[in-house]
Amino acid sequence: MSVLSDRMIISNMQSVRRSSQPVFDRVFRWASYGSALLVLIVLAGIIGSMIYGGMPAFREFGFGFVTSSAWDVGRDQYGAWVAIVGTLTSALIALVIGVPLSIGIAIFLTQLCPPWLKRPVATTIELLAAVPSIIYGMWGLFVFAPLFAKFVQIPVSSIVEGLPFFGTILYARVPSGVGVLTAGIILAIMIIPFIASITRDILDQIPTMLRESAYGIGCTTWEVVRHVLLPQAGVSIIGAIMLGLGRALGETMAVTFVIGNANRLSLSLFDPGSTIASRIANEFNEAAGLQLNALLALGCILFLVTFTVLVLARLLIAQVKAR
Amino acid sequence: MGTLPQHLPVVNPPAWARVRRSRRMADRALKVTCTLFTLLGVAVLGWILVMLLIEGGRGLSLAVFTQTTPGPGSEGGGIANALVGSLILTVLGIVVATPIGVLAGTYLAEYGKGSKLAELIRFVNDILLAAPSILIGLFVYTLMVQPMGSYSGWAGGVALAIIAVPVIVRTTEDMLSLVPGSLREAGVALGAPMSTVIMSISWRAARAGMVTGVLLATARIAGETAPLLFTALNNNFWFKPNLMGGVSNLPVMIYQFALAPYQNWRELAWAGALIITLSILALSIAARLVLKKDKVR
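Residues numbered from 1 in each chain as written. Chains lettered and ligands numbered in written order. Predicted model: local features only at pLDDT ≥ 70, side-chain atom pairs only at ≥ 80, totals over all residues. Heavy atoms only, no water.

Draft legend 1. Inspection of the packing of helix α8 (residues 180–205) of chain A against helix α11 (residues 235–250) of chain A at higher detail. Residue and element names in this part refer to chain A. One can describe the packing of α8 onto α11 by two numbers: an axis separation of 9 Å at closest approach and a directional angle of 155 degrees. In this view, α8 runs roughly antiparallel relative to α11, as classed from their interaxial angle. Taken as a pair, α8 and α11 cross one another with a handedness that is right-handed. Across from Leu187, Ile191, Phe194, Ile195, Ile198, Thr199 and Ile202 in α8, the residues of α11 making contact are Ser236, Ile237, Ala240, Ile241, Leu243, Gly244, Arg247 and Ala248. In terms of residue class, the contact of α8 with α11 is made up of 11 nonpolar, 3 polar and 1 charged. (Axes fitted to C-alpha atoms, helices over the stretch in contact; angles between N-to-C directions. Helix = DSSP H or I, 4+ residues; strand = E, 2+ residues; numbered from the N terminus. Parallel < 35°, antiparallel > 145°, perpendicular 65-115°, else oblique. Left-handed = near helix turned anticlockwise from the far one by under 90°. Contact = heavy atoms within 4.5 Å. Nonpolar A, V, L, I, M, F, W, Y, C, P; charged D, E, K, R; others polar.)

So this is what it looks like as structure tokens:
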């Protein structure tokens, strides 16, 4: 109502005054409208190009493209299963390690940290998100992986050897340090800043009065966190976790360095594997013909999965703001 | 409130004395765990930085900044072409993204405020903000590289711009919505057209925040590797002035050199990694300082 009348006043004034002004005013308005629409066009373009580029592969292999674990460039046979499993496994490992760490950091920053320390610590954690993916990859491959092989893979493998279940999933045939678990750990570090900062925002939005009331009746910090803050934050924290999951699923360079890039379905977390993103990064520049289409089809699958996860994440995070 | 329960002593005892042991332990465990987790997070950043300084510092020399990247098996060399290439691509990306991002953010906060369309665009923008950058690389590949028949710096710039736009849109909108409506009303009451109100009142009031957004976007795209792999690629020479063909850039250079079997290549990769990380961290910190200074004022 008020906006409408504002505009009417403006246009009346303009007709009285200089004539060049309304033209610029209109151009400016359309330019901002067009730029906003461009955001939608980019998303549509991404969807379109993935479907268009991946179509030949989907047509050739049908639904079998998703379930087949073949990836044979020589025989021109392609299937996404190994990459899909690798993507999901490494992302889940990242969540299992990263989520408790992130929530712990968020609790530290909002409840325990002395005020003067808050800003520097928060900035440091946020800077973890600024470090480029490729640096995590180099650090993971040249610094972390050798240590991981020496102090985790070799000792653990020798302990679990021959045991049922653990002897399979935690046994390293070649303890080189790279593999699905290493990728998951690096991913966990990379998603911490995202989950931690959103969780911190959510915890900060909870009315101080609730917290103070709980302390007032003699609750300990643990009880306040467990029985007041976390239930209040509720689904929004799940939203933050899903956002982290979206990041982990699509992360490329760091994973490409440390996952080993093997097209093999292995039950061991210490064995090399590959993710959708790492496969694309590895092969795209040398790919031609059907292989290129298969890689774009992989991109299409990655898009569908991350898009779903991110949409859910946004809807869940929006819950706390709506209240 | 009635009378106090009889068993409560009148004098305040030490706070923890009345707390049951199990509750005390749970509380202690939470505090210790959360502090340790935070220390771990800080330590990882420190570890990465120290390692970069040691490994990258070893490879740093004047030649790094003056010579071009060496071919396979040749001695020495530098990363001058990759540094300049990265700078050009990043500037290209941010120059394309800034007007689009600022205008789109302006639409969301000023013209389209409260409309269904603005809500949809905001939602989509948030999705793009977190979308895997490799997909944006693939998109620009099919959009520009395939039709043009060659990798090019232009495609790299566009890919980086697409990654930067959502960051700028988001911060611009956030900062503009902090500007009080009464300022705008004052402008309108003076008879200023909407464009003037936005540019000389809203933008001016939100300037520091918008600069922060652009700086953060620059920091974000400066280290992006995956999208450049499919668009600008890389080469070992000075790129052509028209930016067609491969344009050497730091991230892809680091990716290719770090995994190469030559000692001098690896050293150059570490030196490049040090330079790029320090620049990005400096940009990110500068972005925060701009905003902080404005808040103090």
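Draft legend 2. Highlighting the interface of chain A and chain B. Each side of the interface is counted separately: chain A has 86 residues, and chain B has 86 residues. Overall, the association of chain A and chain B removes approximately 7600 Å² of surface from exposure, summing both partners, and the carbon and sulfur fraction of that is 79%. Area buried by chain A at its contact with chain B is led by Phe28, Trp139 and Arg314 of chain A, which between them contribute 8% of it. Summed over the shared surface of chain A and chain B, the number is 3 salt bridges. Arg314 of chain A is paired through a salt bridge with Asp126 of chain B; the nearest N and O atoms lie 3.9 Å apart. (Buried area = accessible area lost by both parts, 1.4 Å probe. Salt bridge = Lys/Arg side-chain N within 4 Å of Asp/Glu carboxyl O.)

Draft legend 3. Broad picture of the domain arrangement of chain A. Residue and element names in this part refer to chain A. Assigned domains within chain A: domain 1 (1–61) and domain 2 (80–322). For domain 1 and domain 2, the distance between their C-alpha centres works out to 36 Å. Taken together, the two surfaces of domain 1 and domain 2 that pack against each other cover about 870 Å², and 88% of this comes from carbon and sulfur. Inspection of the domain 1/domain 2 interface yields 0 salt bridges. Here domain 1 is connected to domain 2 by 1 residue pair in polar contact (both at pLDDT 80 or more). (Domains from an automatic or database assignment. Polar contact = N/O pair within 3.5 Å; in protein donor to acceptor, adjacent residues only side chain to side chain.)

Draft legend 4. Geometry of the packing of aromatic side chains. Residues and elements named next belong to chain A. Applying the stated criterion across every chain, the model contains 21 aromatic pairs over all chains. Residues Phe58 and Phe65 carry aromatic rings whose centres are separated by 5.6 Å and whose planes lie at 80 degrees to one another, so their mutual orientation is edge-to-face. By relative accessible area, Phe58 is classed as partly exposed at 24%. Aromatic ring contacts, followed pair by pair, group Phe58, Phe61, Phe65, Trp71 and Tyr78 into a single cluster. Geometry around Phe194 places Arg247 over its ring, the cationic atom sitting 4.0 Å from the centre. When the ring centre of Trp71 is taken as origin, the NZ or CZ atom of Arg279, which lies over that ring, is 4.5 Å away. (Phe/Tyr/Trp six-rings, centres within 6.5 Å; stacked < 30°, edge-to-face > 60°. Buried < 20%, exposed > 50% of the residue type's maximum accessible area, 1.4 Å probe, protein only. Lys NZ or Arg CZ within 6 Å of the ring centre and 35° of its normal.)

Draft legend 5. Local environment of unusual backbone geometry. Located in the positive-phi region is Asp76 of chain A, a residue other than glycine, with phi close to 60 degrees. With respect to the helices and strands, Asp76 of chain A occurs in the loop between β1 (71–72) and β2 (77–78).

Draft legend 6. Local environment of the domain arrangement of chain B. Residue and element names in this part refer to chain B. Each assigned domain of chain B is listed with its residue range as follows: domain 1 (14–59) and domain 2 (63–296). Domain 1 and domain 2 are separated by 34 Å when their C-alpha centres are compared. Taken residue by residue, the interface counts 8 residues in domain 1 and 9 residues in domain 2. Buried surface at the junction of domain 1 and domain 2, summed over both partners, amounts to about 760 Å²; 83% is from carbon and sulfur atoms. Considering only the side of domain 1, the residues that lose the most area to domain 2 are Leu52, Glu55 and Gly59, jointly responsible for 54% of the buried surface there. If you look at where domain 1 meets domain 2, you find 0 salt bridges. Our count for the contact surface shared by domain 1 and domain 2 stands at 0 residue pairs in polar contact (both at pLDDT 80 or more). In terms of residue class, the side of domain 1 that touches domain 2 is made up of 4 nonpolar, 3 polar and 1 charged.

Draft legend 7. Quick peek at the UniProt feature "domain: ABC transmembrane type-1" (unreviewed entry) in chain A. In the numbering used here, UniProt assigns the "domain: ABC transmembrane type-1" (unreviewed entry) feature to residues 84–313 of chain A. Secondary structure over residues 84–313 of chain A splits into 78% helix and 0% strand, and the C-alpha atoms at its two ends are 21 Å apart. (UniProt positions renumbered as here; feature names shortened; annotations may be inferred.)

Draft legend 8. Fine view of the UniProt feature "domain: ABC transmembrane type-1" (unreviewed entry) in chain B. Following the UniProt record, one finds the feature "domain: ABC transmembrane type-1" (unreviewed entry) at residues 83–287 of chain B. End-to-end, the C-alpha atoms of residues 83–287 of chain B are 22 Å apart, and along that stretch the chain is 78% helix and 0% strand.

Draft legend 9. Structural context of the UniProt feature "transmembrane region" (unreviewed entry) in chain B. Residue and element names in this part refer to chain B. Per the UniProt annotation, the sites labelled "transmembrane region" (unreviewed entry) are residues 29–54, 82–108, 120–145, 151–169, 181–203, 209–230, 242–262 and 268–291. Secondary structure content for residues 151–169 is 89% helix and 0% strand, and the end C-alpha separation is 28 Å. The span residues 209–230 is 82% helix and 0% strand, and its two end C-alpha atoms sit 33 Å from each other.

Draft legend 10. Focus on the packing of helix α5 (residues 115–130) of chain A against helix α1 (residues 21–59) of chain B. Running from amino to carboxyl end, α5 of chain A crosses α1 of chain B at an angle of 55 degrees, the nearest separation of the two axes being 9 Å. The orientation of α5 of chain A relative to α1 of chain B falls into the category oblique. Regarding α5 of chain A and α1 of chain B, the two cross each other, and that crossing is left-handed. Along its contact with α5 of chain A, which presents Val121, Thr124, Ile125, Leu127 and Leu128 of chain A, the element α1 of chain B presents Thr38, Gly41, Val42, Val44 and Leu45 of chain B.

Draft legend 11. Representation of the nonpolar core. If you look at the biggest cluster of nonpolar residues, it comprises 191 residues, and the most contacted ones within it are Phe65, Tyr136, Trp139, Ile280, Phe284 and Leu298 of chain A together with Ile134 of chain B. The residues touching Tyr136 of chain A, leaving out its near neighbours within four places in the chain, are Leu128, Val131, Ile186, Ile189, Met190 and Ala254 of chain A together with Ile48 of chain B. (Core = buried A, V, L, I, M, F, W, Y, C linked by side-chain atoms within 4.5 Å.)

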